[in-house]
Amino acid sequence: MKWIRKALKGISLTAAMFVFQACYGPREDYYSTKVTFRVVSNDTGEPIQGVAIWAQSLNTSDSNANGNPRYVADYTDKNGMATIWEELGLKQYSFIDRDSIYIPTDTIVNPMKADTIDIVLKKSS
């Protein structure tokens, strides 16, 4: 009779753990979107290193929109490339070089998977 109770306790515990995982586990879509940017100069077509990519969510329900609406998502490398993993949702990105040689550029991106988006920066006058 004791082994039946132990077996039922084990089954009950396993069922409870399954319910908690199903209800309170991590969201599947969290950081599931990859966006790659290639930032180049309008004059030469050469990649620009060190461009700050600022991100801002356009969804009111996004956790980043509460208290910290705008944040630096990444910087471009020597090839002008930056890959950002983000939550799903409409995002506005701003591209600002650290020396203010180029005009800051904004774009709105609906998340795409494994696509590269070319950003062309123009020199300021």
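Note: the structure precedes this text.
Once a new chain begins, its residue numbering starts again from 1 and follows that chain's sequence as written. Local features are withheld for residues below a pLDDT of 70 in this predicted model, meaning they are given only at 70 or higher, and side-chain atom pairs are given and counted only at 80 or more; totals for whole chains, interfaces and linings count all residues. Working from all heavy atoms in the structure, the side-chain values ignore hydrogens and water.

1. Some thoughts on the pattern of salt bridges
Definition used for salt bridges: Asp or Glu carboxyl oxygen within 4 Å of a side-chain nitrogen of Lys or Arg. Within the structure shown, the criterion is met by one salt bridge. Between Asp118 and Arg38 there is a salt bridge; the shortest N-O distance is 2.5 Å. Of this pair, Asp118 sits in strand 7 (residues 115-121) while Arg38 sits in strand 1 (residues 33-41), and the two are 80 residues apart along the sequence. We call a residue buried when its accessible area falls under 20% of the maximum for its residue type, exposed when it is over 50%, and partly exposed in between, using a 1.4 Å probe and counting protein chains only. For Asp118, a relative accessible area of 47% puts it in the partly exposed group. Secondary structure elements follow DSSP: runs of H or I no shorter than four residues count as helices, runs of E no shorter than two count as strands, and numbering proceeds from the N terminus.

2. Description of the sheet that holds strand 1
Here we have three strands laid out as an open sheet, ordered 4-1-7, and mixed in their pairing. Looking along the sheet, the strands with just one partner apiece sit at the ends: strand 4 (81-86) and strand 7. Between one strand axis and the next, the sheet turns through 30 degrees on average, direction left out of account. Strands were regarded as paired on the criterion that DSSP finds at least two bridges between them. Direction of pairing for strand 1 relative to strand 4: antiparallel, over a ladder of six bridges. Across the sheet, the residue bridging to Lys34 is Trp85, located in strand 4. The convention used is that axes are lines fitted to C-alpha atoms, helices contributing only their stretch in contact, and that angles between N-to-C directions extend from 0 to 180 degrees.

3. Things to note about the sheet that holds strand 3 (residues 70-75)
Pairing within the open sheet is antiparallel, and its four strands lie in the order 3-2-5-6. Only two strands of the sheet have a single neighbouring strand rather than two, namely strand 3 and strand 6 (105-109). Averaged over all pairs of adjacent strands, the angle between their axes in this sheet comes to 30 degrees, without regard to strand direction. Direction of pairing for strand 5 (residues 91-97) relative to strand 6: antiparallel, over a ladder of five bridges. Bridging across to strand 6, Gln92 finds its partner in Ile108.

4. Section: the packing of aromatic side chains
How two aromatic rings sit relative to each other is set out by the distance from centre to centre and by the angle between their planes. Each aromatic pair joins two rings of Phe, Tyr and Trp (for Trp, the six-membered one) with centres within 6.5 Å, and gets the label stacked for planes under 30 degrees apart, edge-to-face for over 60, and tilted for any other angle. For the coordinates displayed, the defined rule picks out two aromatic pairs. Pairing Phe37 with Tyr93 gives two aromatic rings, centres 5.0 Å apart and planes at 65 degrees, and the pair type is edge-to-face. Residue Phe37 is found in strand 1, and its partner Tyr93 is found in strand 5; the two are separated by 56 residues along the sequence. There is no split in this pair, since Phe37 and Tyr93 are both buried. Between Phe37 and Phe95 the ring centres are 5.0 Å apart and the planes differ by 75 degrees, which places this aromatic pair in the edge-to-face class. Note that Phe37 is positioned in strand 1 and Phe95 in strand 5, a separation of 58 residues in sequence.

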